[in-house]
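Structure at a glance
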Amino acid sequence: MHLKEKTLASDVVYEGCIFTITRDTAELENGTSAQRDVLHHHGGVCVIPIDDDNEVYLVRQFRYPFGEVTLEVPAGKLEKGEDHAECGRRELLEETGLTCREYTYLGEIYPLPAYSTERIHTYLARGLELSEQKLDDDEFLDVVKIPLEDAVDMVLDGRIKDSKTQIVILKAALLMK
């Protein structure tokens, strides 16, 4: 077995400002075909800012699809062709008002690999300096600062539900041991 599927046909069924959805017909390994609905997304970036006292800056914001407030690391979507490192630095400044002297790439994650092409690039920001927050006109959030150790506990007990935030908190905690 080669664990590969071949796209036979692809039709756009929705095109929006953030993503496009196609309905594809794929040929499977055994020669049969199956329908695949795919959400095409330019990807995103998230940054976990940790200060010299090992405190993490997170943003609290309302998430419409769930109808609740979530606690997340600063993050944003990539524009087509945009450099993910620069996007992360921009999002860090816009959402928290922070810049950093140290910026370490932690890798990429696939948040929804069964039906989405989205990739999220992850970064650790250290050597933080406070500047001025520059929120978008449609962005409303609060910045909170908590000890990294408490953030790990919040991931483990389910208070932090966002997957990208869970991943970078746990990665950062392991790297900083």
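See the structure above.
Quick summary incoming for the structure in this document. Just so it is clear, the structure is predicted and the values come from calculations on it, not from any experiment. (Residues numbered from 1 in each chain as written. Predicted model: local features only at pLDDT ≥ 70, side-chain atom pairs only at ≥ 80, totals over all residues. Heavy atoms only, no water.)

Moving on to the nonpolar core. Within the largest apolar cluster, 24 residues are counted, with the highest numbers of intra-cluster contacts made by Ile48, Ile50, Leu58, Ile160 and Ile169. Elements supplying a minimum of two residues to this core: strand E4 (44-49), strand E5 (55-63), strand E8 (98-109), strand E9 (120-130), strand E10 (142-147), helix H2 (148-156) and helix H3 (163-175). The element that contributes the greatest number of residues to this core is H2, accounting for five residues. Each residue touching Leu58, except ones within four places of it in the same chain, is listed here: Leu71, Glu72, Val73, Asp142, Val143, Val144, Ile146, Ile160 and Thr165. (Core = buried A, V, L, I, M, F, W, Y, C linked by side-chain atoms within 4.5 Å. Buried < 20%, exposed > 50% of the residue type's maximum accessible area, 1.4 Å probe, protein only. Helix = DSSP H or I, 4+ residues; strand = E, 2+ residues; numbered from the N terminus. Contact = heavy atoms within 4.5 Å.)

Moving on: the environment of Leu170. Within the secondary structure layout, Leu170 lies in helix H3. Assessed through its relative accessible area of 31%, Leu170 is described here as partly exposed. Once the C-alpha coordinates of Leu170 and Ala151 are considered, the two residues, 19 residues apart in sequence, prove to be 8.8 Å apart. With near-sequence residues (within four places) excluded, Leu170 lies in contact with Val152 and Val155.

Our focus in this paragraph is the sheet that holds strand E3 (residues 33-41). Adjacent strands of a sheet pair through backbone hydrogen bonds, lying either parallel or antiparallel. Overall, antiparallel pairing links the three strands, which are arranged E1-E2-E3 in an open sheet. Strand pairing shows two members of the sheet lacking a second neighbour, strand E1 (6-15) and E3, which therefore form its edges. Neighbour-to-neighbour, the strand axes of the sheet open up by a mean angle of 25°, direction not taken into account. When E1 meets strand E2 (residues 19-27), the two strands line up antiparallel, connected through eight bridges. Note that in E2 the partner of Ala9 across the bridge is Thr25. (Pairing = 2+ DSSP bridges. Axes fitted to C-alpha atoms, helices over the stretch in contact; angles between N-to-C directions.)

This part is about the layout of surface pockets. The calculated volume of the largest pocket comes to roughly 1600 Å³. As for the largest pocket, its lining consists of 38 residues, and the residues nearest its centre are Ile18, His41, Arg63, Glu72 and Lys164. Ranked by the residues each element gives to the lining of the largest pocket, the list is headed by helix H1 (residues 84-96), at four residues. A breakdown of the residues in the lining of the largest pocket according to their chemical character gives 14 nonpolar, eight polar and 16 charged. (1 Å grid on protein atoms, 1.4 Å probe; cavity = no way out; pocket = protein on both sides within 12 Å on 5 of 7 lines; lining within 4 Å. Points joined across faces, edges and corners; volume = space filled by probe spheres on them. Nonpolar A, V, L, I, M, F, W, Y, C, P; charged D, E, K, R; others polar.)

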